[in-house]
Amino acid sequence: DTLNLAWVGDSRAYLVDNSGVQQITKDHSKVQELVDQGAITPHEARTHPERHIITRSVGRLPNVEPDYATKTLPSTGFIMLCTDGLSDAVTDSDMASIFIRLLNAEQISHALVSYAKQNGATDNITVVVYSI
């Protein structure tokens, strides 16, 4: 009933349940730093020209410090892991509507990738959906 995460970079983890889509991870990016400082809004971050500049990544330096999160899981729902190819092309509200419409993790994964491609995704798209 507990999820423990460690991450580096701008791939994301989400928890999706009856209350909606909740991003668990926080991007290690220049734009996320600007959002945290209040210099730009999350909405502005989606189209910011420096949105692909990451500040931490695996393999760039010999040592990298990951961030950690622990989350108590609901009795039903989904955990989704995805690359920025998906999160850049699909909004949280669009994700939520796909999760509501489809209840099977495999169908949800395929629908999210298809939607991202239709929405003009320009980066690689990887999605893993795990049913709780």
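Look a little higher up for the structure.
Conventions adopted
Residues numbered from 1 in each chain as written. Predicted model: local features only at pLDDT ≥ 70, side-chain atom pairs only at ≥ 80, totals over all residues. Heavy atoms only, no water. Core = buried A, V, L, I, M, F, W, Y, C linked by side-chain atoms within 4.5 Å. Buried < 20%, exposed > 50% of the residue type's maximum accessible area, 1.4 Å probe, protein only. Helix = DSSP H or I, 4+ residues; strand = E, 2+ residues; numbered from the N terminus. Contact = heavy atoms within 4.5 Å. Phe/Tyr/Trp six-rings, centres within 6.5 Å; stacked < 30°, edge-to-face > 60°.

**Q** Any chance you could break down the nonpolar core for me, citing the residues and the numbers?
**A** Residues Met-80, Leu-86, Leu-112 and Val-129 are the most contacted members of the largest nonpolar core, which totals 22 residues. Among the elements of the structure, β2 (12-17), β5 (78-82), α4 (92-101), α5 (105-118) and β6 (127-131) are those that each provide at least two residues to this core. Counting residues per element, this core draws most heavily on α5, at six residues. Residues in contact with Val-129, not counting those within four places in the same chain, are Phe-78, Ile-79, Met-80, Phe-99, Ala-105, Ile-108, Ser-109 and Leu-112. With nine residues, the next largest nonpolar core counts Leu-5, Trp-7, Ala-13 and Leu-15 among its residues.

**Q** Summarise the packing of aromatic side chains; cite the residues concerned and give the values.
**A** Scanning the entire structure with this criterion turns up one aromatic pair. Seen in terms of ring centroids, Phe-78 and Phe-99 are 5.3 Å apart; in terms of plane orientation they differ by 55°. Their pairing is tilted. Of this pair, Phe-78 sits in strand β5 while Phe-99 sits in helix α4, placing them 21 residues apart in sequence. Grouping residues by exposure puts Phe-78 and Phe-99 together as buried.

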